[in-house]
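Remarks on the overall topology
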Amino acid sequence: MFNYFNKQEASSLGPVVGKIANQEIRANQLLRRGSKWAGGYGTPSDGDDTNKGSQPVRVHTKNAKSLIIYWSRSGSTELLASKLADKLDADIYEVRLQNPYPANYQKTLARANRERETGNPPAVVKDMWSLSQYDTVYFGFQTWAMTLSQPMQGFLKAYGQEFTDKKLAPFETEGGYGQGDSISVFKQLIKEAGGKNNTYTKPLVVDGNKVDQADHRVSAWLKQVN
Ligand SMILES: Cc1cc2nc3c(=O)[nH]c(=O)nc-3n(C[C@H](O)[C@H](O)[C@H](O)COP(=O)(O)O)c2cc1C
């Protein structure tokens, strides 16, 4: 579906690749197939955690028993979240940061490295609603430096204690090097924050370049979650 794009096009946000709660998703990493940036390396964003010109995704209904929570810088995890949302009757909460990462990949990397080394993940916007109605929570994040991305670490530090007595289903995108220790860090941060008695499903891990081809894997994974 996506052919090779020249450098200028590849560094823009790229075409609309999907929708979540009626908002357009641009995931420019999908343009990279066959290019020297394949594998997710160097993916730019729009400098506002993929949200420039749009609102953070918020779907909150009275009766939903499932919730999808995700954060996405360059759109791949958001696209994966949209594939779950299409198949589930779930509410959706997109994590936002008080201070979004810059569009530039190298600057993002430098900031993320600093945050990781000092153990200070970014502060999230604190507008999460009560989670008592949900039995299952799907968590979408990405591998950064072979561990759990700093934004999801920031979210779990702020909200991890809210996740008690739930089934937790992590889904993740990565740039070709795999998930590293992200899942054990995910579980550990929830525990440290005070979240208890949770059950964890097998994670779904998808290459961020190939999320557009992941429909069958998403369906198979959802079957074993539910
Ligand atoms: C700061 C940073 C560090 C990354 N570190 C890794 C890594 O260690 N291993 C890997 O496979 N991909 C790594 N990636 C690639 C991302 O995991 C991949 O592009 C992911 O699909 C991005 O998700 P998003 O589009 O939802 O932001 C890194 C990306 C960034 C921005």
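Heads up: these notes are all about the structure in this document. Just so it is clear, the structure is predicted and the values come from calculations on it, not from any experiment.

Procedures and definitions
- Residues numbered from 1 in each chain as written.
- Predicted model: local features only at pLDDT ≥ 70, side-chain atom pairs only at ≥ 80, totals over all residues.
- Heavy atoms only, no water.
- Helix = DSSP H or I, 4+ residues; strand = E, 2+ residues; numbered from the N terminus.
- Buried < 20%, exposed > 50% of the residue type's maximum accessible area, 1.4 Å probe, protein only.
- Contact = heavy atoms within 4.5 Å.
- Areas by Shrake-Rupley, 256 points an atom, 1.4 Å probe, with all protein chains shown as cover.
- Core = buried A, V, L, I, M, F, W, Y, C linked by side-chain atoms within 4.5 Å.
- Lys, Arg positive; Asp, Glu negative; His and termini not counted.
- Salt bridge = Lys/Arg side-chain N within 4 Å of Asp/Glu carboxyl O.
- Polar contact = N/O pair within 3.5 Å; in protein donor to acceptor, adjacent residues only side chain to side chain.
- Near = heavy atom within 4 Å.
- Nonpolar A, V, L, I, M, F, W, Y, C, P; charged D, E, K, R; others polar.
- Pairing = 2+ DSSP bridges.
- Phe/Tyr/Trp six-rings, centres within 6.5 Å; stacked < 30°, edge-to-face > 60°.
- Lys NZ or Arg CZ within 6 Å of the ring centre and 35° of its normal.

Observations regarding the overall build of the protein chain
If you tally the helices and strands in the protein chain, you get 6 helices and 10 strands. Burial statistics for the protein chain: of 226 residues in total, 55% are counted as buried. In the protein chain, once contacts between residues fewer than 6 apart in sequence are set aside, the share between residues at least 24 apart is 78%. Roughly 10500 Å² of accessible area belongs to the protein chain as shown, and the carbon and sulfur atoms make up 48% of that amount.

Details of the nonpolar core
With 31 residues, the main nonpolar core has Leu67, Ile69, Met128, Phe139, Phe155, Leu156 and Phe163 as its most contacted residues. Listed by contribution, the elements that provide at least two residues to this core are strand S4 (66–70), strand S6 (136–144), helix H4 (150–159) and helix H5 (182–193). Every residue in contact with Met128, bar those within four places of it in the chain, is listed here: Leu67, Ile69, Tyr93, Phe155 and Tyr159. Within the second largest apolar cluster, 26 residues are counted, among which are Leu30, Leu80, Ala169 and Leu222.

Observations concerning the side chain of Asp91
Structurally, Asp91 can be placed in strand S5 (residues 90–94). Look at Asp91: it is buried, it has no salt bridge, and the nearest opposite charge is Lys65 at 9.8 Å. Within the structure, Asp91 has its side chain in polar contact with the side chain of Tyr134 (distance 2.7 Å).

Observations concerning the site of the ligand
Ser72, Ser74, Thr77, Thr143 and Thr173 are the nearest of the 22 residues found near the ligand. Contact between the ligand and Ala145: a nitrogen atom at 2.9 Å from a main-chain N or O atom of the residue. In this structure, an oxygen atom belonging to the ligand sits 2.8 Å away from a main-chain N or O atom of Met146. Protein contacts shield 94% of the accessible area of the ligand, which totals 640 Å² for the unbound molecule. Of the residues forming the shell around the ligand, the biggest block, 3 residues, is contributed by S6. The residue makeup of the shell around the ligand, split by class, is 6 nonpolar, 14 polar and 2 charged.

Structural notes on the pairing of strand S2 (residues 23–26)
Burial along S2 is one-sided: the face carrying Gln23 and Ile25 is buried and the face carrying Glu24 and Arg26 is not. With 4 bridges joining them, strand S1 (residues 16–20) and S2 adopt antiparallel strand pairing. Bridge pairing links Val16 to Arg26 in S2.

With respect to the environment of Trp71
Within the fold, Trp71 resides in the loop between S4 and helix H2 (76–87). Through-space distance from the C-alpha of Trp71 to that of Asp49 is 8.0 Å; in sequence the pair is 22 residues apart. Here the side chain of Trp71 touches Asp49 through a polar contact of 3.4 Å, side chain to side chain.

Let's talk about unusual backbone geometry
The backbone of Asp165 shows a phi angle near 60 degrees, a positive value even though the residue is not glycine. Along the chain, the position of Asp165 falls in the loop between H4 and strand S8 (167–174). For Asn197, which is not a glycine, the phi torsion comes out positive at approximately 55 degrees. Mapped onto the fold, Asn197 is located in the loop between H5 and strand S9 (199–200). Using a relative accessible area of 57% as the deciding quantity, one classes Asn197 as exposed.

Describing the packing of aromatic side chains
The full count for this structure, using the stated rule, is 14 aromatic pairs. Seen in terms of ring centroids, Tyr93 and Trp129 are 5.4 Å apart; in terms of plane orientation they differ by 85 degrees. Their pairing is edge-to-face. A residue pair is termed long-range when its members are at least 10 positions apart, and Tyr93 in strand S5 and Trp129 in the loop between helix H3 (105–118) and S6 qualify at 36 residues. Under the relative-accessibility criterion, Tyr93 is labelled buried at 0%. Ring centres 4.9 Å apart and planes at 65 degrees place the aromatic pair Phe139 and Phe163 in the edge-to-face group. Pair noted here: Phe139 is in strand S6 and Phe163 is in the loop between H4 and S8, with a separation of 24 residues, a long-range link. Grouping residues by exposure puts Phe139 and Phe163 together as buried. One aromatic cluster is present, built from ring pairs that chain together Tyr93, Trp129, Phe139, Phe141, Phe155, Tyr159, Phe163, Phe186 and Tyr200. The ring of Tyr101 carries Arg111 above its face, with NZ or CZ at 3.8 Å from the centroid. In this structure, Lys187 is placed above the aromatic ring of Tyr200, and the distance from its NZ or CZ to the ring centre is 5.1 Å.

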